[in-house]
Amino acid sequence: ASLGEGHLLRNLTVKKVADAVGRSPAAVLLRWAYQKGLPTNPKSVSPERIKANLEAVFAFQLSPQQMAALDALDCGHKFAWNPSTIA
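Conventions and cut-offs
Residues numbered from 1 in each chain as written. Predicted model: local features only at pLDDT ≥ 70, side-chain atom pairs only at ≥ 80, totals over all residues. Heavy atoms only, no water. Helix = DSSP H or I, 4+ residues; strand = E, 2+ residues; numbered from the N terminus. Buried < 20%, exposed > 50% of the residue type's maximum accessible area, 1.4 Å probe, protein only. Contact = heavy atoms within 4.5 Å. Areas by Shrake-Rupley, 256 points an atom, 1.4 Å probe, with all protein chains shown as cover. Phe/Tyr/Trp six-rings, centres within 6.5 Å; stacked < 30°, edge-to-face > 60°. pLDDT = per-residue confidence, 0-100. Lys, Arg positive; Asp, Glu negative; His and termini not counted. Salt bridge = Lys/Arg side-chain N within 4 Å of Asp/Glu carboxyl O. Core = buried A, V, L, I, M, F, W, Y, C linked by side-chain atoms within 4.5 Å.

1. Points about the overall build of the chain
Within the chain, the regular secondary structure consists of four helices and zero strands. Mapped from its N terminus to its C terminus, the chain presents α and β elements in the order α-α-α-α. Buried residues in the chain amount to 26% of all 87 residues. If you take every contact in the chain between residues at least 6 apart in sequence, the share linking residues at least 24 apart comes to 60%. If you sum the accessible surface of the chain, you get close to 6200 Å²; carbon and sulfur atoms cover 57% of it.

2. Notes on the packing of aromatic side chains
The description of an aromatic ring pair rests on the distance of the ring centres and on the angle between the ring planes. One pass over the full model with this rule turns up one aromatic pair. A centroid spacing of 5.0 Å and a plane angle of 80 degrees characterise the contact between Tyr34 and Phe58, whose relative ring orientation is edge-to-face. One end of the pair, Tyr34, is in helix H2 (residues 25–36); the other, Phe58, is in the loop between helix H3 (47–57) and helix H4 (64–71), with 24 residues separating them in the sequence.

3. Overview of the environment of Lys43
Residue placement: Lys43 occurs in the loop between H2 and H3. Exposure remark for Lys43: the relative accessible area of 78% places this residue in the exposed category. Placed 10 residues apart in sequence, Lys43 and Asn53 show a C-alpha to C-alpha distance of 9.1 Å.

4. Examining the environment of Leu54
Note that Leu54 resides in helix H3. The spatial distance from the C-alpha of Leu54 to the C-alpha of Arg31 is 9.3 Å, given a sequence separation of 23 residues.

5. Section: the confidence of the model for the chain
Averaged over the chain, the pLDDT score is 82; the fraction of residues at 70 or greater is 79%. Here H3 stands out as the least confident element of the chain, with mean pLDDT 82; helix H1 (residues 12–21) is the most confident, with 97.

6. Considerations on the side chain of Arg31
Positionally, Arg31 belongs in helix H2. Within the buried set, Arg31 has no salt-bridge partner at all; the shortest N-O distance to an opposite charge, 12 Å, is to Asp71.

7. Focus: the nonpolar core
Judged by nonpolar contacts, Leu8, Val14, Val17, Ala18, Ala27, Val28, Leu29, Ala56, Phe60, Leu62, Met67 and Leu70 together constitute the single largest core of 12 residues. Those elements giving two or more residues to this core turn out to be H1, H2 and H4. Not counting the four nearest positions on each side in its chain, Val14 is found in contact with Leu8, Pro25, Leu29, Leu70 and Leu73.

Printed below as a string of structure tokens:
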């Protein structure tokens, strides 16, 4: 799963940033990806949740410090497919 099957949603740093901006951890991770210029595909069985996630992404910005804190979470683990291996 692109959000690490919930691992990233439960991460303490992600939760702290989410609390600071008043958003859900999922919205913070989607916004981080948007600010990094990374494509995302918000997925849910609920159309309402998909809509809420998409709307939330554009309703706030992460500060450079928050982006740096989230960037520092890189542990080398891929939570989705690796585009460098696609021919």
